[in-house]
Amino acid sequence: KVSAQLLEARLLNEKSQKKNSFDVFEQIVVEIDYVLNEDMAGIVLGLNIDRNGELYACSFDSDEDQKRLKERKKGKYKTRVKLPHPLKAGAYNISSIGIGIANVEGIDSQSHVFNFNIEENSFDPTFMSYSSNRPGLIFTCLSWETEKIG
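Note that the coordinates shown come from a computational prediction; the quantities given were computed from them, not determined experimentally. (Residues numbered from 1 in each chain as written. Predicted model: local features only at pLDDT ≥ 70, side-chain atom pairs only at ≥ 80, totals over all residues. Heavy atoms only, no water.)

A. View of unusual backbone geometry. Residue His-85 is joined to Pro-86 through a cis peptide bond whose omega torsion reads -5°. Following the sequence through the fold, Pro-86 ends up in the loop between β6 (75-82) and β7 (90-101). Of note in the backbone geometry, Ser-16 takes a positive phi value of approximately 65° without being a glycine. Position of Ser-16 relative to the elements: it lies in the loop between β1 (4-13) and β2 (21-23). On the accessibility criterion, Ser-16 (43% relative accessible area) is partly exposed. Residue His-112 is not a glycine yet carries a positive backbone phi of 50°. You can see His-112 is positioned in strand β8 (residues 105-119). (Helix = DSSP H or I, 4+ residues; strand = E, 2+ residues; numbered from the N terminus. Buried < 20%, exposed > 50% of the residue type's maximum accessible area, 1.4 Å probe, protein only.)

The structure is reproduced here in structure tokens:
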């Protein structure tokens, strides 16, 4: 009997609907069910996101709350993680989801979990710097201030 196991993962919009195609401005949530078959310390749940075949981001459930590295009790868990928002249009993949003991060992993992697309449906990208046909990996809209000086 393994100490921890991934059970199921779902790719959802903000209304908890399963989808694999999203608009640039839609919030995307990955929901993961897992079970701990014993009380465990140092357990971490993580995922990797790829964009157009390149690693885009890696995240652990303990990144913003290191208390999660302390003991977690035996039982079934559901976790939800919001992906960066907005995402630049393109082809994405949740390339791995894994659970393990931080910096010690992986216990269970799944590869190539979801493929999904981000599309420019809600706006005309023609003159936007973050259009999918322009260079860059991330959707960014910098704040520019211009004044006439002469």
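Following the structure, the description resumes.
B. The environment of Gly-98, seen in detail. With respect to the secondary-structure elements, Gly-98 resides in strand β7. Among the residues examined, Gly-98 registers a relative accessible area of 21% and is labelled partly exposed. Gly-98 sits 11 residues away from Leu-87 along the chain, and the two C-alpha atoms are 23 Å apart. Ignoring anything within four residues of it in the chain, the contact list for Gly-98 reads Leu-6, Val-44, Leu-45, Gly-46, Asp-108 and Ser-109. (Contact = heavy atoms within 4.5 Å.)

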